[in-house]
Amino acid sequence: MKILITGGKGMLGRTLQRRLSEHELVIADLPEWDITDDGDFTAKTLEAKPDVIVHCAAMTKVDDCETKRDLAFKLNEEGTRNVAMAAKLAGARLIAISTDYVFSGEPPQEPWAWSESDIPRPRTVYGASKAAGEQMIQMIHPDNSVILRIAWLYGEGGPSFIHTMAKLGRQEGAPLKVVNDQRGNPTSTDTVADVIRFLLTKPDVSGIVHGTCEDQCTWYELTLELFRLLGLKREVLPCTTEEFPRPAPRPRNSALKKSVLNLLGYRTPRWQDALADFVRSGAENL
Ligand SMILES: NC(=O)c1ccc[n+]([C@@H]2O[C@H](COP(=O)([O-])OP(=O)(O)OC[C@H]3O[C@@H](n4cnc5c(N)ncnc54)[C@H](OP(=O)(O)O)[C@@H]3O)[C@@H](O)[C@H]2O)c1
């Protein structure tokens, strides 16, 4: 199969290069490929003739999106529109990566996880621009596309929360305070690559699919587990969101329910097992 990966040099893209290597890959990333350059991106895609496009390119820095709204929408909405249009013209299936941030993160009750059929209500510019990108795909290429929502991502080379905490955990100093009132599904890029490999075997699946690891935790609980796996002894203390104000409001609960994958008979690993695999793989100098 010929697979074109937008943002193929990014954190997820690098894992996909490794995990999809039996396929013919086209790495579509800056500076040669620019998803915001409509005509050029379409021309190059038509020339490459991919069977599948995996769309990872995005403006991913959540806080930067708050202050650079136009740029966020240019990349995450218009760029995604261009990719959807190019996929349609090329007759390619589109697997587009989206995010838990399309939801408000304010669950109506606890325990909670957002389902594929829940209505997006983003509270950040990043979430709104990604939700707008999802709408573009649903308008332009609905019959042959998957919107794959993921969250709390880490993978080889980072950057990610896991990389930051591993570095801090090795430094001496006062106890680390970590937020304990935000819940989500930590998810490795290897888990996402496995979901994409599964979706490649299901050409008839289209629509929204949630693809995070199973089980949920807080950032504090994730840090405790990471430090346990790495044998790090620095003390970690739970704290509240109010103690760490950020430009973009963080979701209180953004865990995702994997209803579609489960219906298809597929289960993602528990986040604890995926994290242990990542640490054990040694690929990472954490
Ligand atoms: N990271 C997370 O925690 C997370 C969580 C949920 C969902 N996601 C989604 O997962 C996907 C992959 O995330 P990631 O963490 O792998 O992102 P990433 O590391 O930031 O990679 C994105 C890649 O896209 C490239 N890019 C940026 N603008 C482009 C353009 N105009 N044309 C072509 N390529 C462009 C970037 O290049 P430069 O580096 O040169 O800008 C980078 O190589 C994104 O869609 C993101 O929204 C991520």
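Up top you'll find the structure we're talking about.
Please read all numbers here as calculations on a predicted model, not as lab measurements.

**A word on the overall build of the protein**
Counting its regular elements, the protein contains ten helices and twelve strands. The globule rule puts the C-alpha radius of gyration for 286 residues at 19 Å, and the 19 Å found for the protein is close to it. Expressed as a percentage of its 286 residues, the buried residues of the protein come to 42%.

**Brief notes about the pairing of strand 2 (residues 24-28)**
Relative to strand 2, strand 1 (residues 2-6) runs parallel, the two sharing five bridges. Bridging across to strand 2, Ile3 finds its partner in Leu25. Running through helix 1 (residues 11-19), the crossover from strand 1 to the neighbouring parallel element strand 2 is right-handed.

**Quick notes on the sheet that holds strand 5 (residues 145-150)**
As summarised here, the arrangement of the six strands in space is 2-1-3-4-5-10, forming an open sheet in which the pairing is parallel. Only two strands of the sheet have a single partner each, and these edge strands are strand 2 and strand 10 (207-210). Ignoring which end each strand starts from, the neighbouring axes of this sheet average 20 degrees apart. Two elements, strand 1 and strand 3 (residues 52-55), share four bridges in a ladder whose sense is parallel. Paired with Leu4 across the bridge in strand 3 is Ile53. With respect to the sheet, helix 7 (residues 189-200) is in contact with strand 3, strand 4 (93-99) and strand 5, its orientation differing from that of strand 5 by roughly 160 degrees.

**Some points on helix 4 (residues 69-90)**
Compared with an ideal rise of 1.5 Å per residue, which puts 22 residues at 32 Å, helix 4 spans 30 Å between its outermost C-alpha atoms and is within 8% of the ideal. At Gly79, helix 4 shows its largest kink, close to 25 degrees. Buried residues of helix 4: Ala72, Leu75, Asn76, Gly79, Thr80, Arg81, Asn82, Val83, Ala84, Ala86 and Ala87, and no others.

**Things to note about the site of the ligand**
Taken together, 25 residues lie around the ligand, and Gly7, Gly10, Leu12, Ala58 and Leu153 are the ones closest in. Secondary structure elements with two or more residues in the shell around the ligand: helix 1, helix 4 and strand 4. Sorting elements by how many residues they give to the shell around the ligand places helix 1 first, with three residues. The class makeup of the residues in the shell around the ligand is 13 nonpolar, eight polar and four charged.

**A few points about the environment of Glu24**
Mapped onto the elements of the fold, Glu24 is located in strand 2. Put simply, Glu24 and Arg246 are 222 residues apart on the chain and 41 Å apart in space, counted from C-alpha to C-alpha.

**Some remarks on helix 6 (residues 161-170)**
Within helix 6, burial applies to Ile162, Met165 and Ala166. Down the axis of helix 6, the smallest arc covering the buried residues is 105 degrees, so these residues share one side. Considering only its buried residues, helix 6 is in contact with strand 6 (153-154) and helix 8 (219-230).

**Overview of the packing of helix 2 (residues 38-48) against helix 4**
At a closest axis distance of 9 Å, the pairing of helix 2 and helix 4 adopts a crossing angle of 35 degrees. Regarding helix 2 and helix 4, the two cross each other, and that crossing is right-handed. Contacts between helix 2 and helix 4 pair Asp38, Phe41, Thr42, Thr45 and Leu46 from the former with Asn82, Met85, Ala86, Leu89 and Ala90 from the latter. Here the contact of helix 2 with helix 4 is composed, by residue class, of six nonpolar, three polar and one charged.

**Quick word on the environment of Thr268**
Structurally, Thr268 is set in the loop between helix 9 (259-263) and helix 10 (271-281). Classification of Thr268 as buried rests on a count of 25 C-beta atoms within 10 Å. Once the C-alpha coordinates of Thr268 and Asp215 are considered, the two residues, 53 residues apart in sequence, prove to be 9.8 Å apart. Excluding residues that lie within four positions of it along the chain, Thr268 makes contacts with Thr191, Val195, Gly211, Thr212, Cys213, Glu214, Lys258 and Leu261.

**As for unusual backbone geometry**
The residue after Leu30, namely Pro31, is reached through a cis peptide bond having omega 0 degrees. Note on placement: Pro31 falls in the loop between strand 2 and helix 2. Put simply, Gly158 and Pro159 share a cis peptide bond, and its omega is 0 degrees. Among the secondary structure elements, Pro159 is positioned in the loop between strand 6 and helix 6. Backbone geometry places Trp152, a non-glycine residue, at a positive phi of 45 degrees. Even without being glycine, Asp215 reaches a positive phi, approximately 75 degrees. Examined against the element boundaries, Asp215 turns out to sit in the loop between strand 10 and strand 11 (217-218).

Parameters at a glance
Residues numbered from 1 in each chain as written. Predicted model: local features only at pLDDT ≥ 70, side-chain atom pairs only at ≥ 80, totals over all residues. Helix = DSSP H or I, 4+ residues; strand = E, 2+ residues; numbered from the N terminus. Rg over C-alpha atoms; globule rule 2.2 N^0.38 Å. Buried ≥ 20, exposed ≤ 12 C-beta atoms within 10 Å, placed from the backbone. Pairing = 2+ DSSP bridges. Right-handed = clockwise from strand over helix to strand, strands pointing away. Axes fitted to C-alpha atoms, helices over the stretch in contact; angles between N-to-C directions. Contact = placed C-beta atoms within 7 Å. Expected span 1.5 Å × (residues − 1). Bend = angle between axes of the 7 residues up to and from the residue. Near = placed C-beta within 6 Å. Nonpolar A, V, L, I, M, F, W, Y, C, P; charged D, E, K, R; others polar. Arc of directions from axis to C-beta. Left-handed = near helix turned anticlockwise from the far one by under 90°.

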